[in-house]
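Below, each chain spelled out in residue letters.
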Amino acid sequence: MKQSSALPKIKRAKTLDEVAYGHIKRAIITGGFDPGTFLAEVQLAQELGISKTPVREAMRRLQQERFLVNIPFEGYYAADISVHDILEMYQLRQLLECFLVRETVDMFSEGELDDLQSTLDAADEALATGNPERFVDLNRTFHHAFDRKYDNQRISDVLTNLDEHVQRILLYEFRDQPHYFLTSHQEHYLILGAIRERDKEAAEHLVKQHLSRFCVLAGGADTPQLASLLGVDVPLGYSFGATLITEPIAPVFQQVALIHTPRDLDIPLNIRQLSNGSLMIHGGSHGGMDDRSLGKDDAEVQDVMRAATRVLPQLEGVKIIEERRGRRPLPQDGHPILGFSPSVPNLYVAAMHSGVTLAPLVGECVAIEILDDVEIELLEPYRLARFHRN
């Protein structure tokens, strides 16, 4: 009589380096080791209760997968999460997932769509209860539904290889920007709704928008330094300026709200009186980057006040109650710099001299160009690419 076995197959036991690899990688993905954290082999071995050899093998493997970086003569560090890396990953995801959702819209049964609805509802609950790991797992389940349905193993392999890095990014962002995920998660419901309607164009557009990671760089005088982190050259300098607020005095202006002194004066000024009687005096160059810097130090601040007193003798002896010093961004050719970087397509640069004056209009234009995926003809003369044409 043949005996039927009630015993399961014995799975191959994991080696110590595989166990160490799994534990260390999980700690990196979930934020147990922040980006840039130094990881000492000896300490990790002690915490895991094993020798250094399997830890060393695990760390080599994690370096190959870009979770660790190895600096000669120093050791291993948890890899940084750079803006460049995030943009690269999301550009690839956008290409693949937009294709997948378009191709699979008609493949899902109503029952499968109901299952996806349940996945999103469970993710909702994870958000509400503050369970980021559960939310990210469900998030990935939703996104992988499309490559599973399309059944192209090579595409699935690419997305799976990206997946652990994406999880790390999501968990890191969840910790710092939990509010972002409320909006992001609602987009999943919109995508599912378009699929239920079998609307390929809408579903693809929603996925593209959902995976669009744009960085708007509006860093004022620091824009060139920030852009250089991505290898982008933004030809912009700056000059100094000072704004002084005086104690309240009797009304100075009768018929005008603001005066500008002639630009050919040694220190150009604009002066206006506030509703409480204080005067706001701004002094600084409105010219090129080589013009005199005003407001860089205490002596230059006093120069601004003396120049204002020559224009308005009523200021003699009036006290300054507040000083504001700043740097005025000055694009190389004097015109605003607005638009996507040619070398980093998801980087939108917004840098200009007249920030306060142009901010409402420029803010609306930037939002339209990014969210509606259009180019506003009015902004064409101000693209960053103009500085790099041959």
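Everything below is about the structure printed above this text.
Residues numbered from 1 in each chain as written. Predicted model: local features only at pLDDT ≥ 70, side-chain atom pairs only at ≥ 80, totals over all residues. Heavy atoms only, no water.

## Observations concerning the overall build of the chain
Step number 1: Summing up its helical and strand segments, the chain has 12 helices and 11 strands in all.
Step number 2: In terms of overall size, the chain is more extended than a compact globule, its C-alpha atoms giving a radius of gyration of 29 Å where 390 residues would be expected to give roughly 21 Å.
Step number 3: Viewed in the frame of its principal axes, the chain has a C-alpha envelope of about 115 × 55 × 50 Å.
Step number 4: The 390 residues of the chain split such that 42% are buried.
Step number 5: For the chain, the exposed area adds up to about 22100 Å²; of that, 52% sits on carbon and sulfur atoms. (Helix = DSSP H or I, 4+ residues; strand = E, 2+ residues; numbered from the N terminus. Rg over C-alpha atoms; globule rule 2.2 N^0.38 Å. Buried < 20%, exposed > 50% of the residue type's maximum accessible area, 1.4 Å probe, protein only. Areas by Shrake-Rupley, 256 points an atom, 1.4 Å probe, with all protein chains shown as cover.)

## Focus: the nonpolar core
Step number 1: Counting 57 residues, the largest nonpolar core has Ile 24, Phe 33, Met 59, Phe 135, Phe 146 and Ile 195 as the members making the most contacts within it.
Step number 2: A per-element tally of this core places helix H7 (residues 153-176) first, with 8 residues.
Step number 3: Apart from residues no more than four positions distant in its own chain, Ile 195 is found in contact with Val 101, Val 105, Phe 108, Leu 113, Phe 146 and Ala 203.
Step number 4: Grouped together as the second largest cluster of nonpolar side chains are 17 residues, Phe 253, Val 301, Ala 308 and Leu 315 included. (Core = buried A, V, L, I, M, F, W, Y, C linked by side-chain atoms within 4.5 Å. Contact = heavy atoms within 4.5 Å.)

## Observations regarding helix H5 (residues 110-128)
Step number 1: Here H5 spans 27 Å end to end across 19 residues, near enough to the 27 Å set by a 1.5 Å rise per residue.
Step number 2: Within H5, burial applies to Leu 113, Leu 116, Thr 119, Leu 120, Ala 123, Ala 126 and Leu 127. Seen from one end, H5 has its buried residues packed into an arc of 125°, which puts them on one side. Exposed positions of H5 whose direction lies more than 90 degrees from the buried face are Asp 115, Glu 125 and Ala 128.
Step number 3: Against the buried residues of H5 lie helix H6 (132-150), H7 and helix H8 (178-196).
Step number 4: Once H5 ends, the next one or two residues include Gly 130, with phi positive near 70°. (Expected span 1.5 Å × (residues − 1). Arc of directions from axis to C-beta.)

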